[in-house]
Amino acid sequence: MPKLVYDFAEGNKDMKELLGGKGANLAEMTNLGLPVPPGFTISAEACKVFLATGSVPPELADEIDHHVDSLQQKMGKKLGQADDPLLVSVRSGAAVSMPGMMETVLNVGLNDDSVNGLAHHSGNPRFAWDAYRRLIQMFGKTVLDMDGEVFEGAIEAAKKAKGTKNDLDLDTDDLKALVKTFKAAVQDHTGREFPQDPREQMDLAIEAVFGSWNSERAILYRRQERIATDLGTAVNICSMVFGNLGMDSGTGVAFTRDPSSGQPGVYGDYLQNAQGEDVVAGIRNTVPLAELEQLDKKSYDDLMAIMAKLEGHYRDLCDIEFTVERGKLWMLQTRVGKRTAGAAFRIATSLIDEGMIDTDEALRRVKGAQLAQLMFPRFDSDADKDLVTKAIGASPGAASGKVVFTSAAAVEAADRGEKVILVRRETNPDDLHGMIAAQGILTSRGGKTSHAAVVARGMGKTCVCGAEELDVEVAAGKILVNGTTINAGDVISIDGTTGEVFLGEVPVVPSPVVQYFEGSLAPDAGDELVAAVHRLITHADEIRRLGVRTNADTADDASRARRFGAEGIGLCRTEHMFLGERREAVERLILADDAAEREAALAELEPLQRGDFLELLTAMDGLPVTIRLIDPPLHEFLPSMEELAVKVAIAEERGEDPGRNKALLAAVERLHEQNPMLGLRGVRLGLVVPGLFAMQVRAIASAAAELRKQGKDPRPEIMIPLVGAVQELQLARDEVDAVLAEVDRSTEADGTGGVEWKTPIGTMIELPRAAVIADQIAEAADFFSFGTNDLTQTTWGFSRDDVEGAFFSRYLEKGIFAVSPFESIDREGVGALVRTGAERGRAAKPDLKLGICGEHGGDPDSIHFFHEVGLDYVSCSPFRIPVARLEAGRATLL
């Protein structure tokens, strides 16, 4: 077993994985010559052994003994000695900051004897007995797993008896009585007296800190922050310094810059005559850090000098904890401070200007998730709000409007100029028009990857999903929630970041960052945040290797994406173009009894498709536009079998002729699928329904030809979906090539001159088999686009629409997922297939273009993986384009 315990002088800030962030930074400050109380750190490796076996490593005791002896020699006093005893704190400290998630015990070493020695030596009996009651209270909660209310209740009773609300009004006798009460509570809870042996106190506290790594709140925090579960925590044993020795002592927290805005200055809080947990717990009101200058000028000046030194050394915003003991300043902790998204961008660019970091380092320090936070409108935090429920924030933003329950009502209201919130149990593809018309979407079912969530994110619409407390009664036009009735037409507000739903309209604050990306706010218009974002995303664009395209099905989405920096379209879902009024024509095509009916339906659809592609290619003129041929699950374009069966049954029961419904029912029953997502769709539909793909390709080619005649530069790319065998792709490609040649001849025949077609033809890799035989498929493809949504479904055997609400929350709780595989790429499974497909495809065709067009194309962690695998571009929804640009740049540096 390697060394397990390190003196503060033996470590440095780069040893975080071993010593934890707190231990590594205490060591760094010690080596910088700053006033750090002496101590030592027990490494995270010891914690890992404890978590695996339930006991500390056997050799740990000897190492701790050695370092305790050394500490006693440095301090000139011993643990447990009767006069002026050595006291220590036992603090957690993981490699990744988890503030407040794990345990701390202060004043370890006090007992019934040494408390009197501390009282005599300090000349302050109240301080000594207050320190002892704090030890028993923290030890009871942390080590003995006692309910904290036992102790808080006793303190409140003592203050009530004293006629005060302030802890400082409790005198020595009051605190002695509290110690007696606390010790009795320990006896009742554990069946034994409070430990009097200081070393036993220390050992038990160390094990309690190790065990707190797997506390419920720590697990939840790691899950939320995507922190690895196997890191463990280090434990820091630090000699105590006291901020509660009188009014010439105190404790505080300082920041070298404002963590909210990023502005330089004096930021923090200070509390006289207090220990550190008093500041964090908010037991007493603090004063602004600047007031320390009047209270203790020397300590203030020393602190300012140390803050400047630390920021210069770490080259970043530093978060500092300190204590003043009778006019002497001590540094208890420092770390690179957490900050708001806006502060992150401002601080990064400020540090460039101050010569502390270069632009590459500044880009490393901002994240796509922070940029996303800055892009969405938000509710005014100062406004009055009436919260009715809280659910899943599925698509960030803030939206207010009148409640509507159908897509038709949403469209009608929008046409009248009214703002609406579309409320549904869940949405489906037919709700698209209503979702476009609405300001936001609220559903009582579903999660972050439900239909509503995915589409809303794609459109930049605010969306809250899974509001299970809502009883949505569409027919009655009302919502019942916690005793409140919300009717159609009532105004509500939804927060897509927090998942909160409010009654009434809540004012929103617009995002200047979106105005910048839209082109309505110049980067030099005086907004510091916009200038910082512009500076860093420009650098990201300069250094990134990955291209960034968008998923867009309409000219409006394409234009917005282009303004946001998209370099083309990576996925146009043509099936979305057939919803609404066009659905009946597709229905007639699928259910056609003969070639004449089928050709009539195709003839009706082709000019509509040509118009779609004219608009789309115009919006993206000069940039590639990857158009996926129709890929719907068949049931989305067929009438409901259940509804038809009811209509036919009712008609026959009444002795009426069911008419066309009976024939229609027979056709739908013939085509009915138990699992439509794995049925007749994609390339299969194109091969089974003659003329379907040909109609779409003809519309694409003729639109491109028309635009070229106008002097434009359309660059369509045709993508065949759901290919699992090279034979499927070759058959489909033969048909596509034939249509392209046909359009070429027709343009030449009409006297305008032939078009030299160089339209790339490729496929989506969205089935595991396609990834495994990618070398074969590459022979018939000009490009691959990995459809990671369906690839995730087919790899895991998940139906995305079903599993998230059914058991994903349990899988997250149990640690099976760190994050939903539909949100961030599953590197070990789905990611391995992407890597395999890329490697085998390029082995067969080295110049094969590779992209990704699933939801993962806008996820920061996934973008880094796609960069690593060697893809050429990612494609994502328009509002995620800036995030993808930023992360593609960061991927080259990390």
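Residues numbered from 1 in each chain as written. Predicted model: local features only at pLDDT ≥ 70, side-chain atom pairs only at ≥ 80, totals over all residues. Heavy atoms only, no water.

What the protein contains, in helices and strands, is 35 helices and 31 strands. With the C-alpha coordinates of the protein rotated into their principal frame, the extents come out at 105 × 65 × 55 Å. A burial count over the protein gives 55% of its 894 residues as buried. Counting contacts in the protein only where the partners sit at least 6 residues apart, residues at least 24 apart contribute 68% of the total. By element, 48% of the accessible surface of the protein is carried by carbon and sulfur atoms, the whole surface being about 36,600 Å². (Helix = DSSP H or I, 4+ residues; strand = E, 2+ residues; numbered from the N terminus. Buried < 20%, exposed > 50% of the residue type's maximum accessible area, 1.4 Å probe, protein only. Contact = heavy atoms within 4.5 Å. Areas by Shrake-Rupley, 256 points an atom, 1.4 Å probe, with all protein chains shown as cover.)

Strand order across the open sheet formed by five strands is β1-β2-β5-β3-β4, with antiparallel pairing between neighbours. Because the sheet does not close on itself, it has two edges, and the strands there are β1 (5–7) and β4 (104–108). The sheet shows a mean angle of 20° between the axes of neighbouring strands, taken without regard to direction. Across the face of the sheet, helix α1 (residues 16–31) comes into contact with β1, β2 (39–42), β3 (88–94) and β5 (233–239) while running at roughly 125° to β3. (Pairing = 2+ DSSP bridges. Axes fitted to C-alpha atoms, helices over the stretch in contact; angles between N-to-C directions.)

To continue, consider empty space enclosed by the protein. Applying the stated criterion across every chain yields a total of two cavities of 30 Å³ or more. The space that makes up the largest cavity amounts to roughly 150 Å³. In terms of lining, the largest cavity is formed by 15 residues, of which the most central are R91, L106, M240, V241 and L332. Of all the elements in the fold, those that place two or more residues in the lining of the largest cavity are α1, β3 and β5. Among the residues making up the lining of the largest cavity, the classes are represented as seven nonpolar, six polar and two charged. (1 Å grid on protein atoms, 1.4 Å probe; cavity = no way out; pocket = protein on both sides within 12 Å on 5 of 7 lines; lining within 4 Å. Points joined across faces, edges and corners; volume = space filled by probe spheres on them. Nonpolar A, V, L, I, M, F, W, Y, C, P; charged D, E, K, R; others polar.)

All right, on to the pairing of strand β14 (residues 398–404) then. With six of seven residues buried, β14 is to be regarded as a mostly interior element. Of the strand pairs in this sheet, β14 and strand β15 (residues 420–424) are connected by three bridges, and their pairing is parallel. When the bridges of β15 are listed, V404 appears paired with L422. Note that the unit made of β14, helix α16 (residues 407–415) and β15 has a crossover that is right-handed. (Right-handed = clockwise from strand over helix to strand, strands pointing away.)

Viewed as axis vectors pointing N to C, helix α22 (residues 583–590) and helix α23 (residues 595–619) meet at an angle of 155°, and their least axial separation amounts to 8 Å. The pairing of α22 with α23 is recorded here as roughly antiparallel in orientation. α23 is crossed by α22, and the crossing has left-handed handedness. Contacts between α22 and α23 involve A585, V586, R588 and L589 on the former and, on the latter, R598, A601, L602, E604 and L605. Grouping the amino acids of the contact of α22 with α23 by side-chain chemistry returns six nonpolar, no polar and three charged. (Parallel < 35°, antiparallel > 145°, perpendicular 65-115°, else oblique. Left-handed = near helix turned anticlockwise from the far one by under 90°.)

The next subject is helix α25 (residues 660–671). An ideal rise of 1.5 Å per residue puts 16 Å on 12 residues; α25 measures up with 17 Å between its terminal C-alpha atoms. Buried residues in α25 make contact with α22 and α24 (641–653). (Expected span 1.5 Å × (residues − 1).)

Taken in spatial order, the five strands make up an open sheet running β8-β7-β6-β9-β10, and their pairing is antiparallel. Of all strands in the sheet, those with a lone pairing partner are β8 (287–288) and β10 (328–336), marking the two edges. Pairing of strand β9 (residues 318–325) with β10, which is carried by eight bridges, proceeds in the antiparallel orientation. In the strand pairing of β10, E325 is matched with K328.

Per the counting criterion, the structure on display carries 51 salt bridges. For E156, the salt bridge is made with K159, and the minimal N-O distance between the two is 3.1 Å. Remark: K159 and E156 occur in helix α6 (residues 148–162); sequence separation between them is three residues, near one turn of the helix. The partly exposed category is assigned to E156, whose relative accessible area is 44%. When the shortest N-O distance is used, the salt bridge between R628 and E575 registers 2.3 Å. Of this pair, R628 sits in strand β26 (residues 624–628) while E575 is found in the loop between β25 (569–573) and α22, placing the two residues 53 residues apart along the sequence. Comparing R628 with E575, the two get one shared label, buried. Salt bridges sharing common partners tie together D316, R339, E361, R364 and R365. (Salt bridge = Lys/Arg side-chain N within 4 Å of Asp/Glu carboxyl O.)

Quick look at a negative patch on the surface now. A contiguous patch of negative charge, built from D593, D594, E597 and E599, is present on the exposed surface. Positionally, E597 belongs in helix α23. (Patch = residues over 30% accessible without salt bridge, like charges linked within 9 Å, V, L, I, M, F, W, Y side chains within 5 Å. Lys, Arg positive; Asp, Glu negative; His and termini not counted. Charge placed at Lys NZ, Arg CZ, Asp CG, Glu CD.)

Positionally, T836 belongs in helix α33 (residues 830–844). Judged by its relative accessible area of 22%, T836 is partly exposed. Taking the C-alpha atoms as reference points, T836 and A771, separated by 65 residues in sequence, lie 6.3 Å from one another. Once residues lying within four places of it in the same chain are set aside, the contact partners of T836 are A771 and V772.

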